[in-house]
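Tertiary structure, described
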Amino acid sequence: MTRFDPPPGAHSHELRVRAAAGWERFVRRAGAKGAYPVGADGYEQHPLLRTRVRDTASGAEGELTAVTHELHGDGRVVRVAHIRAANGIEWTASADNVQAAYGAPEGEPWPPAPSAV
C-alpha cells in the first residue's frame, strides 16, 4: 500500500469521480423535466413551499416543507413532495399530486357554517 492509496474503507478516487459525474447527470435530467429550479443540494425551489397544500391522491392537507428529486435505478428522476400536517405527522407524495389548498384550515368544516345572529 502506497501513501496515495485511500485508507481502508474509504472510497477510491475512481468511485468518487463516477459519483460526481452521476450527480451532474442527475441534476441536468431533473432540470430538463420542466420542473422548477433545483439547487445543488437536490431540493426544488417550488413556489408552494411553506404554504398549505392538498395531496390530491389522499385528500390530506398540510404544509409543503420540501420537494426533492430522487434518482431511481432505471434512470428516472422522481419528484417527491414532503408535507407536514397540522398535528406534526409528515408524509411524502408525488409532487405532481400537490396543489394549493384553499378554504378552512385542516379540521374545520368547509364551507363554514352560517353564523346564528
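Reading the values: the criteria
Residues numbered from 1 in each chain as written. Predicted model: local features only at pLDDT ≥ 70, side-chain atom pairs only at ≥ 80, totals over all residues. Heavy atoms only, no water. Pairing = 2+ DSSP bridges. Helix = DSSP H or I, 4+ residues; strand = E, 2+ residues; numbered from the N terminus. Axes fitted to C-alpha atoms, helices over the stretch in contact; angles between N-to-C directions. Salt bridge = Lys/Arg side-chain N within 4 Å of Asp/Glu carboxyl O. Buried < 20%, exposed > 50% of the residue type's maximum accessible area, 1.4 Å probe, protein only. Core = buried A, V, L, I, M, F, W, Y, C linked by side-chain atoms within 4.5 Å. Contact = heavy atoms within 4.5 Å. Polar contact = N/O pair within 3.5 Å; in protein donor to acceptor, adjacent residues only side chain to side chain.

1. What about the sheet that holds strand E2 (residues 61-71)?
Strands sit in the order E4-E3-E2-E1-E5 across an open sheet of five strands; the sheet is antiparallel. Edge strands, defined here as strands with exactly one partner in the open sheet, are strand E4 (90-94) and strand E5 (98-100). Across the sheet, the mean angle from the axis of one strand to that of its neighbour is 40 degrees, orientation sign disregarded. Bridge analysis of strand E1 (residues 52-55) against E5 gives three bridges, and the strand direction is antiparallel.

2. Overview of the pattern of salt bridges
Side chains carrying opposite charge are able to pair once their charged atoms draw close together. Across all of its chains, the model carries six salt bridges by this definition. Where Arg52 meets Glu61, a salt bridge forms, and the shortest distance between an N and an O atom there is 3.0 Å. Overall, the relative accessible area of 27% leaves Arg52 in the partly exposed class. Note that Asp74 and Arg76 form a salt bridge whose closest N and O atoms lie 3.0 Å from each other. Overall, Asp74 belongs to the exposed group, its relative accessible area being 55%. Judged by relative accessible area, Arg76 falls into the partly exposed class, the value being 46%.

3. Here we look at the pairing of E2
In this sheet, E2 lies alongside E1 in antiparallel orientation, the contact comprising three bridges. In the strand pairing of E2, Arg54 is matched with Glu61. Counted along the chain from E1 to the antiparallel partner E2, the turn is five residues long, and its residue Gly59 has a positive phi close to 80 degrees. In terms of strand pairing, E2 meets strand E3 (residues 77-84) through eight bridges, oriented antiparallel. The residue of E3 that forms the bridge with Leu71 is Val77. Where E2 hands over to E3, the hairpin turn is made up of five residues, of which Gly75 adopts a positive phi near 95 degrees.

4. A word on the nonpolar core
The biggest cluster of nonpolar side chains holds nine residues, and these are Leu49, Val53, Leu64, Val67, Ala81, Ile83, Ala93, Ala95 and Val98. Counting only elements with at least two residues in this core, the list comes to E2 and E3. Excluding anything up to four places from it in sequence, Leu49 contacts Glu44, Leu64, Thr65, Ala66 and Val67.

5. Considering the pairing of E3
Two strands pair when backbone bridges link them, and E3 and E4 are joined in this way by five bridges, in the antiparallel orientation. Along E4, the bridge assignment pairs Ile83 with Trp91. Counting the residues between successive antiparallel strands, the hairpin from E3 to E4 contains five residues, one of them, Gly88, with a positive phi of roughly 95 degrees.

6. Concerning the side chain of Arg79
With respect to the secondary-structure elements, Arg79 resides in strand E3. At a separation of 2.9 Å, a polar atom in the side chain of Arg79 contacts the side chain of Glu44.

7. Some details on the environment of Tyr36
In this structure, Tyr36 sits in the loop between helix H1 (13-32) and E1. Taking the C-alpha atoms as reference, Tyr36 lies 8.2 Å from Pro47; in sequence the two are eleven residues apart. Those residues in contact with Tyr36 that sit more than four places away from it in its chain are Glu44, Gln45, His46, Pro47 and Arg79.

Any functional reading would require information that these geometric values do not contain.
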